[in-house]
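# Fold and contact review
For reference, the chains in residue letters:
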Amino acid sequence: METINKITTSKQTTMYDHLCKMIIGNEEVLSRIIKAVVDEAKYLSVEEIRRLIKGVHIGDRIVNPHFHLVDKEGFIKDEGMVYYDILCYIDVPQEDKKNIRVYLNVEIQNNLYPGYSIITRGYAYVSRIVSGQWGTEYDDKNYDGMKKVYSLWIMPKAPKRKDGHMNAYETNERIIYGTTVEEKEVYDKGVILVIYLNKEHDLNKKYEEYDELLTPLMVLLNNVLDYKGKQMIIEEYGFDTKKIESEVKDMCDLGESIALEARNEGISQGITQGIDQGKQIERKEKNIEHVRNVMNELNCSYQRATSILKLSENEKKSIEKYFQS
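Please read these numbers as outputs of a predicted model, since none were measured by experiment.

What follows covers the overall build of the chain. When helices and strands are counted, the chain shows 10 helices and 10 strands. Relative to its full complement of 325 residues, the chain shows a buried share of 40%. Here the contacts in the chain between residues at least 6 apart in sequence split such that 59% fall between residues at least 24 apart. Here the chain has roughly 19,800 Å² of accessible surface; of this, 49% comes from carbon and sulfur atoms.

Direction vectors running N to C along helix H2 (residues 27-37) and helix H6 (residues 211-221) enclose 140 degrees, while the axes themselves pass 10 Å from each other. Our classification of the angle between H2 and H6 gives oblique. Here H2 and H6 pass one another in a crossing that is left-handed. Together, Val29, Arg32, Ile33 and Ala36 of H2 and Glu212, Leu213, Leu217 and Leu220 of H6 make up the contact between the two elements. In the contact of H2 with H6, the residues fall into six nonpolar, no polar and two charged.

Below, the discussion takes up the nonpolar core. Counting residues in each nonpolar core, the largest one holds 51 residues, and the members touching the most others are Ile24, Val29, Ile33, Ile34, Leu104 and Ile154. At seven residues, the largest contribution of residues to this core is made by H6. Contacts of Val29, omitting those with residues within four sequence positions, involve Ile23, Ile24, Leu217, Leu220, Phe239 and Ile244. Within the second largest apolar cluster, 21 residues are counted, among which are Tyr103, Ile118, Ile119 and Tyr138.

Before going further, it helps to examine the packing of aromatic side chains. Here a ring pair, both rings aromatic, is described through the centre-centre distance and the interplanar angle of the planes. Tallying each qualifying case throughout the model produces six aromatic pairs. Taken together through their ring pairs, the aromatic side chains of Tyr84, Tyr125 and Trp153 make up a single cluster. Its guanidinium or amino end placed over the ring of Phe239, Arg32 lies 3.8 Å from that ring's centre, counting from NZ or CZ. The side chain of Arg101 reaches across the aromatic face of Tyr89, ending 4.0 Å from its centre.

A few words on the pattern of salt bridges. For the coordinates displayed, the defined rule picks out 16 salt bridges. Asp188 is the salt-bridge partner of Lys148, the closest N and O atoms lying 2.7 Å from each other. Note that Lys148 is positioned in strand E8 (residues 148-155) and Asp188 in the loop between helix H5 (184-187) and strand E10 (190-196), a separation of 40 residues in sequence. On the basis of relative accessibility, which here comes to 6%, the residue Lys148 falls in the buried class. Taking the shortest distance from any N to any O, the salt bridge between Lys316 and Glu313 comes out at 3.5 Å. One end of the pair is Lys316 and the other is Glu313, both in helix H10 (residues 313-319) and three residues apart, which spans about a single turn. One salt-bridge network, in which partners are shared between bridges, spans Glu27, Glu28, Arg32, Glu47, Arg50 and Arg51.

On to the packing of H6 against helix H7 (residues 227-236). The N-to-C vectors of H6 and H7 enclose an angle of 160 degrees; their axes lie 10 Å apart at closest approach. Classified by the interaxial angle, the pair formed by H6 and H7 is roughly antiparallel. Of the two elements, H6 crosses H7, and the hand of that crossing is left-handed. Across the interface between the two elements, Thr215, Val219 and Leu220 from H6 touch Lys230, Ile233 and Ile234 from H7. Considering only residue class, the contact of H6 with H7 consists of four nonpolar, one polar and one charged.

Below, the discussion takes up a negative patch on the surface. Together, Glu173, Glu182, Glu183 and Glu185 make up a negatively charged patch on the protein surface. For Glu173, the position within the fold is in the loop between strand E9 (166-170) and H5.

Time to look at the confidence of the model for the chain. In the predicted model, the chain carries a mean pLDDT of 83, and the fraction of residues at 70 or more is 82%. Overall, residues 1-10 carries pLDDT values under 50, and its contacts beyond four positions in sequence, including any with other chains, amount to 15 contacts.

Of note, the phi angle at Lys97 is positive, near 75 degrees, even though the residue is not glycine. For Lys97, the location among the structural elements is in the loop between strand E6 (86-93) and strand E7 (99-108). Its identity as a non-glycine residue notwithstanding, Tyr210 has a phi of 55 degrees, on the positive side. Inspection of the secondary structure assignment puts Tyr210 in the loop between E10 and H6.

Each value, and the rule that gives it
- For every chain, the first residue of the written sequence is number 1, and numbering continues from 1 onward in sequence order.
- Residues qualify for local features only when their pLDDT is at least 70, as the model is predicted, and side-chain atom pairs are given and counted only at 80 or more; totals for whole chains, interfaces and linings, by contrast, use all residues.
- Note that the side-chain values use all heavy atoms of the structure and ignore hydrogens as well as water.
- The secondary structure listing takes helices from DSSP runs of H or I that are at least 4 residues long and strands from runs of E that are at least 2 residues long, numbered from the N terminus.
- Burial classes follow relative accessibility: with a 1.4 Å probe on protein chains only, a residue under 20% of its type's maximum area counts as buried, one over 50% as exposed, and anything between as partly exposed.
- Contacts were defined at the residue level, with two residues in contact if any of their heavy atoms lie within 4.5 Å.
- All accessible areas in this document rest on Shrake-Rupley with a 1.4 Å probe, and a residue is counted as covered only by the protein chains that are shown.
- In this description, a line fitted to the C-alpha atoms serves as the axis of each element, helices being fitted only across the stretch in contact, and the angle between N-to-C directions of two axes falls anywhere from 0 to 180 degrees.
- Oblique is the label for every angle not falling under 35 degrees (roughly parallel), over 145 degrees (roughly antiparallel), or within 65 to 115 degrees (roughly perpendicular).
- In a left-handed crossing the near helix is turned counterclockwise from the far helix by less than a right angle, and in a right-handed crossing that turn is clockwise.
- Side-chain classes follow a simple rule in which Ala, Val, Leu, Ile, Met, Phe, Trp, Tyr, Cys and Pro form the nonpolar group, Asp, Glu, Lys and Arg form the charged group, and the remainder, Gly included, forms the polar group.
- We define the nonpolar core as a collection of buried residues of types Ala, Val, Leu, Ile, Met, Phe, Trp, Tyr and Cys that are connected through side-chain atoms lying within 4.5 Å of one another.
- Only rings of Phe, Tyr and Trp enter the pairing, Trp through its six-membered ring, and a pair is recorded when the two centres are within 6.5 Å. The plane angle decides the type: under 30 degrees is stacked, over 60 is edge-to-face, the rest tilted.
- Geometrically, a charge over a ring is one whose NZ (Lys) or CZ (Arg) sits within 6 Å of the ring centre while staying within 35 degrees of the ring normal.
- Between Lys or Arg on one side and Asp or Glu on the other, a salt bridge is scored when a side-chain nitrogen of the former is within 4 Å of a carboxyl oxygen of the latter.
- Patch membership is restricted to residues that have no salt bridge and whose relative accessible area is over 30%. Joining uses 9 Å for like charges and 5 Å for the nonpolar side chains Val, Leu, Ile, Met, Phe, Trp and Tyr.
- We treat Lys and Arg as the positive residues and Asp and Glu as the negative residues; His and chain ends play no part in the count.
- The location of each charge is read from NZ of Lys, CZ of Arg, CG of Asp or CD of Glu.
- The quantity called pLDDT is the predictor's confidence in a given residue, expressed from 0 to 100.

Below you can see the structure in the form of structure tokens.
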């Protein structure tokens, strides 16, 4: 907690973003995300997906032929740099014993209205990730090597009316004329998904769809519960708390630190405001006294006295009622 306090004073947002990425990238969470959003992994259990992510120990090494975290910096010449929260690919075993490789991009977006549509940004990310496969997955001799990309956008601070909503945007074939139908895997190369969560969600009520993913995400990414409260929820949903304990504790510590800082700032502002108010009252009382003295000594009107004392219009208005007959 002491370390968190030192970091968060000037870098709270950066630290929060980092912890969100650590939580999403944890195998306990990522396996559930893949189960929910990757069509090619629907028939696998969460435990089977988790084992694919984890790999196997061979001696002192971890060998993982099925899962790989891709560099988060996506640079393409003449197109600039994109920084991904999470980008990975997973080779998903199919029932026919073959593997299908899919790319998964996960983004945590706290600002629901950044000045552009999240959907259009999602399309840009999908396009960038597909382009980034050039030379490794496909080239101009083998376009069919192109791998499907899922781009998932999680909104932890969505309004209550959108809580629990999940939307998918994907390519579908539309027959304009004729009966020729292409295999879906030929054109199905990009899916954008958006998950909306509200931190005030009633934990006594389960989400109607995908509750096994949405409730843990809401609890983990929003500091609505302390560590014990979070632990109780994620244990209820089958998480191995030991495997995600560090990230959850750090997130709770960060939440406490932010709350403490906000409280101290509020107290400080309250003291400052109190001092300012006290000074204003004192100045007002002195103005009343000075105006009375000038009126009595010079036997002049209120307007003349305030003019001699060079009081501002606001100062005049604040004491005018004390001199009305």
